[in-house]
Amino acid sequence: MGFAQGRSYLAIPGPSVVPDAVQRAMHRAAPNIYQGELVDMMDGLTTDLRHVAQTDGYVAIYIANGHGAWEASLANTIAPGDRVLVLATGHFGLGWGRHAEAMGAKVDLLDFGNRATIDPDRIEAALRADTTHEIKAVLVTHVDTSSTVRNDIASVRAAMNAASHPALLMVDCIASLGCERFEMDRWGVDVMVSASQKGLMLPPGLGFVWFNDRADAVQTRLDRVSPYWSWTPRAKPEAFYQYFGGTAPTHHLYGLRVALDMIRQEGLDAIWQRHARLAGAIWAATDCWARDGAMRLNISDSALRSHAVTALSLTAPDASRLRGWTEEMAGVTLGIGLGMAEQGTPAADGFFRIGHMGHVNAHMVLGALGAIEAGLAALDIPHGSGGVSAAARALAAD
Ligand SMILES: *Cc1c(COP(=O)(O)O)cnc(C)c1O
């Protein structure tokens, strides 16, 4: 028999759990797009989106997913033939680099593999070698959702400054925004991209690009920018008719309003702390399980691990068996391994990921961990015991 009946938990690293309040806000008749509530809402959305990114710069809103935001960021900053330096720490860093290449950029790739963070010394050396400043942008992923490493963005800016290099610093915060500390202006980030369906707790459908005056000055010097992706009209709330290059994403905007209210109410610091503490509980459990058996955290140094998503390896095909069990028997859907086969590490069957981003609390995390522990036992997958109580103790500690 199974135990999946009841509210399910999609514990994957995006799309994430959509709060009931956000769903309620989106459940409405089609609104007037010309005047009234929706139009009046725009200014506040922009203000709060800047707050979430900790920036006084601009934010452009697109009807797009994260891949669209990637493309938007490049369309406004890179001309065909420009060089970009891509810092890859997993599947998503490589993916953004491939988009840049497909859009005509010459990509210099610094690949740090699937289990490590960036090395600022190598970044500085690569930039120093570019004496003619052909590199126009440095692309880096804050949290790579496949390896689940968190990169130190301020250290990238420091390396760029040490090399006195004028390239733009562009950061993918799709997995981390609204989950992990991120301070765009203080860390010297010029362009940042994110999307609606992770820490921002909405369904997929909105892509965001934050940018500062430096980045905007680069954009105005480009020979052409594709009209749909140009950030200029989209960053102006008063240009609401043209704002989305067509019809506004009406229901998503209502949902976004509520999600941003929830973020304001909890407070960014509290949100960052909640994610850190819940991640600590998960690692307390996984450390126990790893003591006997094959389970391993993909990022061994906890200081480098994301607080929003955790990747684990397990002997193939046990990761797939476990995911099947937790979903069918316990109503918990775990994430698949992603991109790990690309660099010679075991294929997807040997990895799984736990998404703990956005609208997630202690009982959801403890429930997911309990389901995993039950699955490990039911499937006779060797593991150390006591994971769930270790997680509970981690949450009980001051
Ligand atoms: C999810 C994710 C993406 C891709 O976003 P989509 O909305 O699926 O296109 C890119 N980068 C990171 C770090 C992500 O977590």
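Note that this is a predicted model, so its numbers are computed, not measured. (Residues numbered from 1 in each chain as written. Predicted model: local features only at pLDDT ≥ 70, side-chain atom pairs only at ≥ 80, totals over all residues. Heavy atoms only, no water.)

1. Looking at the overall build of the chain
Stated precisely, the cut-off is as follows: Secondary structure elements follow DSSP: runs of H or I no shorter than four residues count as helices, runs of E no shorter than two count as strands, and numbering proceeds from the N terminus. Each radius of gyration reported is based on C-alpha atoms, and the globular scaling rule is 2.2 Å times the count of residues to the power 0.38. The classification of residues rests on relative accessible area computed with a 1.4 Å probe and restricted to protein chains. Under 20% of the type maximum is buried, over 50% is exposed, and intermediate values are partly exposed. The criterion used for residue contact is that any of the two residues' heavy atoms lie within 4.5 Å. When charges are counted, Lys and Arg contribute as positive and Asp and Glu as negative, whereas His and the chain ends are disregarded. Lysine's charge is taken at NZ, arginine's at CZ, aspartate's at CG and glutamate's at CD.
From N to C terminus, the chain includes 14 helices and 14 strands. In terms of overall size, the chain behaves like a compact globule, its C-alpha atoms giving a radius of gyration of 21 Å where 398 residues would be expected to give roughly 21 Å. In terms of overall dimensions, the chain has C-alpha extents of about 60 × 55 × 40 Å along its principal axes. Here the chain holds 398 residues, and 57% of them are scored as buried. Taking as baseline every contact in the chain between residues at least 6 positions apart, the subset at least 24 positions apart corresponds to 72%. A distance of 0 Å separates the average location of the 32 positive side-chain charges in the chain from that of its 41 negative side-chain charges.

2. Side note on the domain arrangement of the chain
The line we're drawing: Domain start and end points were adopted from an automatic or database domain assignment. In this description, buried area is defined as the sum, over both parts, of the accessible area (probe of 1.4 Å) that is lost when the two are combined. Within this document, salt bridges are pairs made up of a side-chain nitrogen of Lys or Arg and a carboxyl oxygen of Asp or Glu, the two lying within 4 Å of each other. By the criterion applied in these results, polar contacts are pairs of N or O atoms within 3.5 Å in which, for protein atoms, one can donate a hydrogen and the other can accept it, and in which residues neighboring in sequence qualify only through two side-chain atoms.
Domains assigned within the chain are domain 1 (9-16 + 267-396) and domain 2 (31-265). For domain 1 versus domain 2, the separation of C-alpha centres amounts to 28 Å. Contacts between domain 1 and domain 2 engage 32 residues on the former and 35 residues on the latter. A buried area of about 2,800 Å², summed over both sides, lies between domain 1 and domain 2, and 54% of it is on carbon and sulfur atoms. In this structure, the connection of domain 1 to domain 2 is made through 1 salt bridge. Across the pair aspartate 269 and arginine 181 runs a salt bridge, and its minimum N-O distance is 3.2 Å. For the pair domain 1 and domain 2, the number of links is 19 residue pairs in polar contact (both at pLDDT 80 or more). For the side of domain 1 that touches domain 2, the elements supplying multiple residues, two or more each, are helix H11 (268-291) and strand E12 (309-313). Broken down by element, the residue count for the side of domain 1 that touches domain 2 peaks at 5 residues, all from H11.

3. Examining the sheet that holds strand E2 (residues 58-63)
Condition: A pair of strands is labelled paired if DSSP reports no fewer than 2 bridges between them. Each axis is a line fitted through C-alpha atoms, taken for helices only over the stretch in contact, and angles between the N-to-C directions span 0 to 180 degrees.
Strand order across the open sheet formed by 7 strands is E2-E10-E9-E8-E5-E3-E4, with mixed pairing between neighbours. Both edges of this open sheet fall to E2 and strand E4 (106-111), since each of them pairs with a single strand only. Averaged over all pairs of adjacent strands, the angle between their axes in this sheet comes to 20°, without regard to strand direction. Here strand E3 (residues 83-88) pairs with E4 via 6 bridges, running parallel. Considered in E4, the bridge of valine 84 is made with valine 107. In the packing of helix H4 (residues 91-102) onto the sheet, the strands contacted are E3, E4, strand E5 (135-141), strand E8 (168-172) and strand E9 (191-195), and the crossing angle to E3 comes to about 165°.

4. Notes on the sheet that holds strand E11 (residues 296-297)
Sheets are built from strands that pair by backbone hydrogen bonding, the pairs being arranged parallel or antiparallel. Spatially, the 5 strands line up as an open sheet ordered E1-E13-E14-E12-E11, and their pairing is mixed. Sheet topology places strand E1 (9-11) and E11 at the edges, where each strand pairs with a single neighbour. Packing against the sheet, helix H13 (residues 362-378) makes contact with E1, strand E13 (332-336) and strand E14 (351-355), and its axis sits at approximately 80° to E13.

5. What about the pattern of salt bridges?
This model, assessed by the stated rule, comprises 15 salt bridges. Here glutamate 180 ties to arginine 150 by a salt bridge, and the two come within 2.8 Å at their closest N and O atoms. With glutamate 180 in the loop between E8 and E9 and arginine 150 in strand E7 (residues 149-150), the pair connects residues that are 30 residues apart, well separated along the chain. Arginine 150 shares its class with glutamate 180; the two are buried. Via salt bridges that share partners, Asp48, Arg257, Asp261 and Arg264 belong to a single interconnected network.

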